[in-house]
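# What the coordinates show
Spelled out, the chains give:
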Amino acid sequence: MPKSPAGLRSARWFAPDDLRSFGHRSRMMQLGYAEEEFRDRPVIGILNTWSEINSCHGHFPERAKEVKRGVNQAGGFPIEVPVMSLDEQFIKPTSMLYRNMLAMEAEEVIRSHPFDGVVLMGGCDKTTPGLVMGAISAGVPFIYLPAGPMLRGNYAGQVLGSGSDTWKYWDERRAGNVTDAEWRGIQGGIARSHGTCMTMGTAATMMSIADALGLTLPGASSIPAVDSNHSRMASGCGRRIVEMVWEDLTPDRIVTPGSVRNATAVAMATGCSTNAVIHLIAIARRAGVDLTLDDLDALGRDTPLLANIRPAGSDYLMEDFYYAGGLLGLMKRMEDRLDTGCMTVAGTTVGQNIAGAKIWNDDVIRPLANPVYHEGSLAVLRGNLAPSGAVIKPAACDPRFHVHEGPALVFDSYPEMKAAVDDETLEVTPDHVLVLRNAGPQGGPGMPEWGMLPIPKALILQGHRDMLRISDARMSGTSYGACVLQVAPESFIGGPLALLRTGDIVRMDLPNRRLDMLVDEAELRARRAAWKPPEPRFGRGWGWMFSRHVGQADTGCDFDYLARDHGPAPGEPDIF
């Protein structure tokens, strides 16, 4: 049954004839609003992650106005509230250190205010999972408004892709093949508009996952940030969230085992970022869906990579993907692999949403019979180096490394590693395995995107551009190469990576999903007995709390006390 005005959550703040509600109404009037503007209407919170330093969200002030326009058109009352911006480029050591802070902030902002429904405005990498995790836990109706990708980069007639071409041309600059003037030209041409990275990096991946989960207006994730369709989508979010409130369409009806499986399969078909593993597991578990690494690997083996978007693809960017049919076109192409009965925020099912979807370029969105790669984007490895799992992106690395054995070259810190790889006299061969440890959730701290370890300059000068690299770090979704990431448990807490030594032989067998150090058990027991835990990274503050409660990569790096099964939800706040 549709809600009545008396059943609105905001009515607890504004409707009673008592002293506290008098104060609420009075303060709203102090802001210049008449009672008829906010009473008996759905109050819509607009959680905006805009800031002046977040280039991905530079268009959000205008989009917030457009959301408000839609809310007003539908008879609701919009209230914009700022939340953490989590700009990927400038927050150090990594924005991942603060994803759970944003999730906590979003949940508490929603619960503590008189919001009947919310529109979540995000896009830059950690903002999508942070906002969605918090809103799922809060439990009110919500729509996710994705920032959308920026326009293609361009320099000297060449199309440039976010991140991917940064790494590519940096190696060429290290090799002496790019001049100072060319480097400045690339710097000025690679990011030409508001919006997120336009490769299939973490931002595009997580916006697509939110879309596939049913949390955006259908297909919204593919719209470029500066396209006029993006403005119309924003006002559409405002209109639709008001309807969702009256319909009481809450996230528990949308984020289900079926929609999580859909989102995982779609992620694999898009060539998703390796960071999808951590965030999707965390989102699913907030909704009570026990998604595991094994689930992800099983879907990865069964789902071909269809989106020919860099870095897993070779030719196209997100703008091309939108013109080719976008996420709805890709989902239509893999329709028989999806649960099309899943509900979405549009009030329609996945099947209804993709019924009329078309594909306009079969090279951008490949047919199932001609995929970019025969399996999905990600693979999960296990072995005595990663008993709880590690992740690799097979399509984005040289196939000759899919089965590889070589001596380890181990580094305990990023500065140590950087000094070595920049040394042209470093004794290293293409068969060596670079290893960086103490870069996980606690060791990093926050699991920074250091996992695309630089190729040693000695090899760069010989023409080599890839080699096997292993770490307990993450890497940017725009990165590529034979990089094994998110090794769990991490070395900082005594995971097996802490026992590896330079010269030990490491073997990766991708077809059999194995990652092992070829060291006998007696030697490993001796090393374990001699291992001493490092000093804690933090003595106080947020980092201290983070270190004591963050999970490992294989469980999504959420805090233990935020897990759904940690205890009962707090319920509605008291108003006395």
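Before going into details, it helps to say that this report is about the structure given with it. All figures in this text were calculated on a predicted structure; none of them were measured in a lab.

Among the nonpolar cores identified, the biggest contains 108 residues, and Leu-47, Phe-321 and Leu-330 are the most heavily contacted of them. When residues no more than four places from it in sequence are discounted, the contact partners of Leu-47 are Val-81, Val-83, Ala-106, Val-109, Ile-110, Phe-115, Val-118, Val-119, Leu-120 and Met-121.

The next thing to look at is the packing of aromatic side chains. Counted by the stated rule, this structure contains 9 aromatic pairs. Between the aromatic rings of Tyr-414 and Trp-450, the centroid separation amounts to 5.2 Å while the plane-to-plane angle is 50°, which identifies the pairing as tilted. Note that Tyr-414 is positioned in helix α17 (residues 414-421) and Trp-450 in the loop between β10 (433-436) and α18 (457-460), a separation of 36 residues in sequence. You can call Tyr-414 partly exposed: its relative accessible area is 25%. One aromatic cluster in this structure is built from Phe-14, Tyr-33, Phe-38 and Phe-77.

This part is about the environment of Leu-497. In this fold, Leu-497 is placed in the loop between β12 (483-488) and β13 (505-509). On the accessibility criterion, Leu-497 (0% relative accessible area) is buried. Between the alpha carbons of Leu-497 and Val-487 there is a distance of 7.8 Å; along the sequence they are 10 residues apart. Ignoring any residue separated from it by four or fewer positions in sequence, one finds Leu-497 in contact with Leu-385, Val-435, Leu-436, Arg-437, Ile-470, Ser-471, Asp-472, Val-487 and Ser-491.

This part covers the pairing of strand β7 (residues 379-383). Taking burial as the measure, the 5 residues of β7 include 4 buried ones, the bulk of the element. Sheet topology note: the β7/strand β8 (residues 386-392) ladder contains 4 bridges and is antiparallel. Bridged to Leu-381 within β8 is Ala-390. Taken together, β7 and the strand that follows it, β8, pair antiparallel across an intervening segment of 2 residues.

In spatial order, the strands read β2-β1-β3-β4; together these 4 strands make up an open sheet with parallel pairing. Both edges of this open sheet fall to β2 (77-82) and β4 (142-146), since each of them pairs with a single strand only. Across this sheet, the average inter-strand angle for adjacent strands is 20°, counted without regard to direction. Direction of pairing for strand β3 (residues 117-122) relative to β4: parallel, over a ladder of 5 bridges. Considered in β4, the bridge of Met-121 is made with Leu-145.

Moving on, we get to unusual backbone geometry. Cis geometry marks the peptide bond from Lys-92 to Pro-93; its omega dihedral reads 0°. Along the chain, Pro-93 falls in the loop between β2 and α5 (99-112). In this structure, the amide linkage connecting Ala-488 to the following residue, Pro-489, adopts the cis form with an omega of -5°. Structurally, Pro-489 can be placed in the loop between β12 and β13. Although it is not a glycine, Leu-86 adopts a positive phi angle of roughly 50°. Mapping Leu-86 onto the fold places it in the loop between β2 and α5. The backbone phi angle of Asp-248 is positive, close to 55°, even though this residue is not glycine. Here Asp-248 lies in the loop between α10 (228-247) and α11 (257-270).

Closest axis-to-axis distance for the helix α9 (residues 202-213)/α11 pair is 8 Å, and the angle between their directions is 140°. Judged by the sense of rotation from one axis to the other, the crossing of α9 with α11 is right-handed. Residues Ile-209, Ala-212 and Leu-213 of α9 form the contact with α11, whose own contacting residues are Ser-259, Val-260, Asn-262, Ala-263, Val-266 and Ala-267. Of the residues in the contact of α9 with α11, the class split is 7 nonpolar, 2 polar and no charged.

What follows deals with helix α15 (residues 326-333). Of all 8 residues making up α15, 6 are buried, and the element is well covered by its neighbours. Considered for burial, the residues of α15 that qualify are Gly-326, Leu-327, Leu-328, Gly-329, Leu-330 and Met-331. The secondary structure elements touched by the buried residues of α15 are α9, α11, α14 (318-324) and α16 (350-354).

Rules of the game
- Residues numbered from 1 in each chain as written.
- Predicted model: local features only at pLDDT ≥ 70, side-chain atom pairs only at ≥ 80, totals over all residues.
- Heavy atoms only, no water.
- Core = buried A, V, L, I, M, F, W, Y, C linked by side-chain atoms within 4.5 Å.
- Buried < 20%, exposed > 50% of the residue type's maximum accessible area, 1.4 Å probe, protein only.
- Contact = heavy atoms within 4.5 Å.
- Phe/Tyr/Trp six-rings, centres within 6.5 Å; stacked < 30°, edge-to-face > 60°.
- Helix = DSSP H or I, 4+ residues; strand = E, 2+ residues; numbered from the N terminus.
- Pairing = 2+ DSSP bridges.
- Axes fitted to C-alpha atoms, helices over the stretch in contact; angles between N-to-C directions.
- Left-handed = near helix turned anticlockwise from the far one by under 90°.
- Nonpolar A, V, L, I, M, F, W, Y, C, P; charged D, E, K, R; others polar.

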